[in-house]
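# Inside the fold
Residue strings, one per chain:
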Amino acid sequence: MTLAEFVNVPKRYFKKELLPVLADLKLAIVLLLAIAVFSITGTVIEQGQSIAYYQSNYPEHPALFGFLTWKVLLTAGLDHVYRTWWYLALLILFGASLTACTFTRQLPALRWFSRTWNFYSESRQFRKFALSAEFPKGDLDQVSKLLAQRNYKVFRDGEKLYAHKGLIGRVGPIVVHAAMILVLVGGVIGATTGFMAQEMVPSGGTFKINHVVDAGVWAAPQIPQDWSVKVNRFWIDYLPTGEIDQFYSDLSVLDKDGKEIDRKTIHVNEPMKHNGVTMYQADWSIAAIQVRLNNSPVLQSPMAKLNAVGGRVWGTWLPLKPDMSDGVSLVAKDLQGLLLIYDMDGKLIATVRKGMAVEVKGVRLAIVDLIGSTGLQIKADPGIPIVYLGFGLLMLGVIMSYISHSQVWGLEKDGAIYIGGRTNRAQVTFEREFLGILDAIDQNQTESTPTSQLAQT
C-alpha cells in the first residue's frame, strides 16, 4: 500500500461505511425517539433540586416503579437531564445524522433536479409522463403564453420548451434539515455554556450572582463579575380579598464603581435582560421587621420562614429586657402589615399592624416597617438566539415544502405538438391545470380539429 492509499483509507471508510450509516433514516428515527423520551423524563422529574429533595420524593423503600430511587436518579443524571453527557451525545449524533442525510440525499437530489432542466427532442420521451398529450397541429408560442399566464417560468430552445413553477418547494426539505441542525446546535451551546442561579435579596440590598444552581461545563465566562444588581424596592400588590395580585422588583444594574447603567421594574412574566443575562421575578419572602421599643432607635430583627400548615409564615423573637430574660414572638404571613404577638408560653397576647403600636408587658411596641425580599431566578443561555433562528427557519421550511413543484415539457416536431408534465405533490390540482392548458389549446385551434390523447396513470 502506497502512502497516498494509506492516507485515503480514513476518507474511503468515512464515505463508504460511516456516512451511509449516519444518513440511515431508521437511525434518525431511533435517535429522535430517544431524545423525545429523555426530554419527557426531564420534564416529569424536577430538575436542579437538592439531594434532600430527591431523597424525600424518591426514597429507596418503596422505590418508584420498583427501581427508581434517588441514588439511581442522581447516578444517571436524571436530576439534570439536559446537561448530561449522554443527552448531549444524542443531540450531536442526531445532528450528525441530519447533516449526513442533507449532504448524501437532499443536496444530490437538488443537483439531480438541475439535470432535469433538459429539453426533450424525441416524441417517445413524452410517453414516460403520467400526463401527456399529442396534437397533430399546434404552435409552441401558444403553449408558452398559456404557461406564462399560469405563472410558469418558460424556457425555449427553438422547437423545444421547458417550464416550471414552485421551485422553492424543492428547497424546503433542505431548509427544514438546516433548521433542525441549528436548533440542535443552539441546544448544545445552551447546555454547555448556560447557567441558572437563584438569589433571595432584601429590599434595598445589592448582590452579585453567586448562588448558581445549574451550569454547563463552560458556563464560567457567562457568569458576570463586572457588574452587580441593586434591589431598589420590592413590593406586592394585593387584591381587596387579601390575595396577592402581583410582585414587583425595582432593579438597578451597577458597574464596578457603583454607577447605575441599567434599570427596570420587573414582575412575573416581565423579566429584565442585561448583557445576555435574564432576571425573572420568581419568589418572595419577608426578610426583616423594624420596630421601636418605647423611645428607642429603630431596631431591625431578621425574620425566618416557619414550618406551618396551610401556608407560609415568618417569625422572629424580640427581647423586651436587656438581659433577654423575657420577650415576644412576632409572626407575619404577608407584607400587608398584620402581625401576631405571642408570649414566651406561645399564647397569643396581641395583634398589631405596620405603623401602629401596642402595649406588651409594660413596653410600648411600635411596628415601623416590614422588609420584603425578592426571589430572583437568573438565567443565561447563549444558544437561545440560535434556537429561535432554527425554529423560524423550520416554520419557513415547512411552508416551503408544501409548495408544489410542477414541470412541463413541450416539443414541436413534424408539424405535431407534444406536451408532458409532472409534479411532486398536489397531483389532482396539477391534473386540472394541465387539462385546462389542453382545453385552451383545443379552443384556439380553429383551422382544424386536432385529436388529443391523454395518458394518465
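On a predicted model such as this, the values are computed, not experimentally measured, just so you know.

What counts, and where the lines are drawn
- Residues numbered from 1 in each chain as written.
- Predicted model: local features only at pLDDT ≥ 70, side-chain atom pairs only at ≥ 80, totals over all residues.
- Heavy atoms only, no water.
- Helix = DSSP H or I, 4+ residues; strand = E, 2+ residues; numbered from the N terminus.
- Expected span 1.5 Å × (residues − 1).
- Buried < 20%, exposed > 50% of the residue type's maximum accessible area, 1.4 Å probe, protein only.
- Arc of directions from axis to C-beta.
- Contact = heavy atoms within 4.5 Å.
- Axes fitted to C-alpha atoms, helices over the stretch in contact; angles between N-to-C directions.
- Parallel < 35°, antiparallel > 145°, perpendicular 65-115°, else oblique.
- Left-handed = near helix turned anticlockwise from the far one by under 90°.
- Pairing = 2+ DSSP bridges.
- Core = buried A, V, L, I, M, F, W, Y, C linked by side-chain atoms within 4.5 Å.
- Nonpolar A, V, L, I, M, F, W, Y, C, P; charged D, E, K, R; others polar.
- Phe/Tyr/Trp six-rings, centres within 6.5 Å; stacked < 30°, edge-to-face > 60°.
- Lys NZ or Arg CZ within 6 Å of the ring centre and 35° of its normal.
- Patch = residues over 30% accessible without salt bridge, like charges linked within 9 Å, V, L, I, M, F, W, Y side chains within 5 Å.
- Areas by Shrake-Rupley, 256 points an atom, 1.4 Å probe, with all protein chains shown as cover.
- Salt bridge = Lys/Arg side-chain N within 4 Å of Asp/Glu carboxyl O.
- Polar contact = N/O pair within 3.5 Å; in protein donor to acceptor, adjacent residues only side chain to side chain.

### Section: helix α8 (residues 384–401)
With 18 residues, α8 should reach 26 Å at 1.5 Å per residue; the first-to-last C-alpha distance of 25 Å fits that figure. Taken residue by residue, α8 has Val-387, Gly-390, Gly-397, Met-400 and Ser-401 as its buried positions. The buried residues of α8 occupy an angular sector of 140° when the element is viewed end-on, so they sit on one face. Residues of α8 that are exposed and angled more than 90 degrees away from the buried face: Pro-385, Tyr-388, Met-395 and Ile-399. Buried positions along α8 lie against α7 (168–193).

### Considerations on the packing of α7 against α8
Contact geometry of α7 with α8 gives a least axis separation of 7 Å together with a crossing angle of 160°. When the axis of α7 is compared with that of α8, the two are roughly antiparallel. You can see that α7 and α8 cross each other, and the crossing is left-handed.

### Brief notes about the sheet that holds strand β3 (residues 160–165)
Within the open sheet, the five strands sit side by side as β1-β21-β20-β3-β2. Their pairing is antiparallel. In the strand order of this sheet, the two ends are held by β1 (131–135) and β2 (153–157), each with one partner. Taking each pair of neighbouring strands and ignoring which way they run, the sheet shows an average axis angle of 15°. The pairing of strand β20 (residues 406–413) with strand β21 (residues 416–423) spans eight bridges and is classified as antiparallel. Residue pairing across strands places Gln-407 opposite Arg-422, the latter belonging to β21.

### As for the nonpolar core
The biggest cluster of nonpolar side chains holds 45 residues, and the ones touching the most others in it are Phe-195, Ile-209, Leu-330, Ile-341, Leu-365 and Ile-378. Formed by 21 residues, the second largest nonpolar core is a distinct cluster that contains Ile-35, Tyr-58, Leu-68 and Trp-86.

### So, the packing of helix α6 (residues 140–149) against helix α9 (residues 427–444)
Relative to each other, α6 and α9 sit at 135°, their axes nearing to 10 Å. One finds that α6 runs oblique with respect to α9. Of the two possible hands of crossing, α6 and α9 adopt the one that is right-handed. In this structure, α6 uses Gln-142, Val-143, Leu-146 and Leu-147 to contact α9, whose residues at the interface are Ile-437, Ala-440, Ile-441 and Asn-444. Of the residues in the contact of α6 with α9, the class split is six nonpolar, two polar and no charged.

### Things to note about the packing of aromatic side chains
One pass over the full model with this rule turns up 16 aromatic pairs. With centroids separated by 5.1 Å and ring planes inclined at 25°, the aromatic side chains of Phe-129 and Trp-409 adopt a geometry described as stacked. Taken together, the residues Phe-129 in the loop between α5 (85–115) and β1 and Trp-409 in strand β20 connect sequence positions 280 residues apart. The class for Phe-129 is buried, based on a relative accessible area of 4%. With 6.2 Å between their ring centres and 25° between their planes, Phe-155 and Tyr-162 make a pair best called stacked. Taking relative accessible area as the criterion, Phe-155 reaches 25% and is therefore assigned partly exposed. Here the basic side chain of Lys-128 rests over the ring of Phe-129, its NZ or CZ set 5.7 Å away from the ring centre.

### Regarding a nonpolar patch on the surface
Together, Leu-64, Phe-65, Phe-67 and Val-72 give the surface a local cluster of nonpolar side chains, amounting to about 430 Å² of exposed area. Its place among the elements puts Val-72 in helix α4 (residues 70–76).

### Here's the deal with helix α2 (residues 25–44)
Taking 1.5 Å of rise per residue, 20 residues should cover 28 Å, and α2 covers 29 Å from first to last C-alpha, within 8% of that figure. Taken as a whole, α2 has its buried residues at Ala-28, Leu-31, Ile-35, Ser-39 and Gly-42. For α2, the buried positions fall inside an angular range of 70° around the axis, keeping them on one side. Exposed residues lying more than 90 degrees from the buried face of α2 are Lys-26, Val-30, Leu-33, Ile-40 and Val-44. If you check the start of α2, you find a side-chain oxygen 3.1 Å away from the backbone N of Lys-26, and it comes from Asp-24.

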